[in-house]
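As a plain string of letters, each chain reads:
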Amino acid sequence: MENLHISLRLKEIAKYISKGSYFADIGSDHAYLPTYVCSKDATAKAIAGEVNQGPFNNAQDIVKTYNLTKQIDVRLGDGLNVLQTDLPDTIVIAGMGGKLIERILTDNLTQTLQVNKLILQPNIDADRLRKWFVEHDYHLTHEEIIEENDHFYEILVAEKVMHENVYDSSIDQAKQIYFGPLLLKKRSAAFLKKWELEKINLKRIINDMKQAKQINELKLNQFKTKLNWIEEVLNNESNN
Ligand SMILES: C[S@@+](CC[C@H](N)C(=O)[O-])C[C@H]1O[C@@H](n2cnc3c(N)ncnc32)[C@H](O)[C@@H]1O
């Protein structure tokens, strides 16, 4: 069988799935992630959850093609409703908006909170999920930002078990939640490029808002604060 080729984004996510893990990939589409991980690690087991029939069928087909039906259970259902009593040690939710990911985690909160590791890759609104971690006693352990096909993807890993506090007490927590405490420390090329583009976008939005007949001052001030933060970070000024 030919090796499965998956995106750099999914390969990065796969790095955070421990050897021998029992993990659930929620919103699994073609089950690319579980297929990739389980074909490299015979001791891993996975649930591939999908709410839509088409992607569910695709996931089943791939799992059968790669002879992984003993390791990967493809289940049709909304979010964490596909989980049963044998809860996984890790949940992956990737390729969706932060708001939808938050909804999926919160809808079945009792089950979510029994799972040690969450690996989330929101396409937008990563800050919502960092805030969610803080509010639900999950501790951020790793953050990655990658650029692929002109898109920036943030990967957040959090665990129930505390390793170390990654938030810096000398920096405003809201600012760290916005940028990601670890990404802010690392200042990778992808991170700086993302925020350079975001700065241009935000300046345009602020200018458009100022032209409006009725100005939403609250929203405008929120955007201005974000723009100030971005400029400080890009100029590498004080992070306070
Ligand atoms: C853009 S794809 C991402 C697929 C894969 N996780 C990835 O990162 O490449 C999003 C998938 O999530 C599924 N999805 C959306 N909402 C869902 C939900 N509430 N429960 C389970 N799957 C969901 C969609 O049907 C779709 O297949």
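Residues numbered from 1 in each chain as written. Predicted model: local features only at pLDDT ≥ 70, side-chain atom pairs only at ≥ 80, totals over all residues.

**Q** Help me understand the packing of helix 4 (residues 98-107) against helix 6 (residues 126-135) in this model?
**A** Between two packed helices, both the angle of their axes relative to each other and the distance between the axes serve to describe the pair. The geometry of helix 4 relative to helix 6 is characterised by a closest axis approach of 8 Å and an angle of 30° between their N-to-C directions. Relative to helix 6, the element helix 4 is oriented roughly parallel. Here helix 4 runs over helix 6; the crossing is right-handed. Residues Gly 98, Lys 99, Ile 101, Glu 102 and Leu 105 of helix 4 form the contact with helix 6, whose participating residues are Ala 126, Arg 128, Leu 129 and Trp 132. Considered class by class, the residues forming the contact of helix 4 with helix 6 number 5 nonpolar, 1 polar and 3 charged. (Axes fitted to C-alpha atoms, helices over the stretch in contact; angles between N-to-C directions. Helix = DSSP H or I, 4+ residues; strand = E, 2+ residues; numbered from the N terminus. Parallel < 35°, antiparallel > 145°, perpendicular 65-115°, else oblique. Left-handed = near helix turned anticlockwise from the far one by under 90°. Contact = placed C-beta atoms within 7 Å. Nonpolar A, V, L, I, M, F, W, Y, C, P; charged D, E, K, R; others polar.)

**Q** Would you explain the domain arrangement of the protein chain in this entry?
**A** Bring the parts together and some accessible area is lost; that lost area is often taken as the interface size. As assigned here, the protein chain comprises domain 1 (8-164) and domain 2 (189-234). Each side of the interface is counted separately: domain 1 has 4 residues, and domain 2 has 4 residues. Examining the composition of the side of domain 1 that touches domain 2, we find that 3 residues originate from one element, strand 6 (residues 139-148), more than from any other. Each residue belonging to the side of domain 1 that touches domain 2 can be placed in one class, and the counts come to 3 nonpolar, no polar and 1 charged. (Domains from an automatic or database assignment.)

**Q** How should unusual backbone geometry be read in this particular structure?
**A** Generally, phi is negative for residues other than glycine and the peptide bonds are trans, each holding for most cases. Despite not being glycine, Asn 67 has its phi angle at roughly 55°, a positive value. Mapped onto the secondary structure, Asn 67 falls in the loop between helix 3 (53-65) and strand 3 (72-76). When the 10 C-beta atoms within 10 Å are taken as the criterion, Asn 67 is described as exposed. (Buried ≥ 20, exposed ≤ 12 C-beta atoms within 10 Å, placed from the backbone.)

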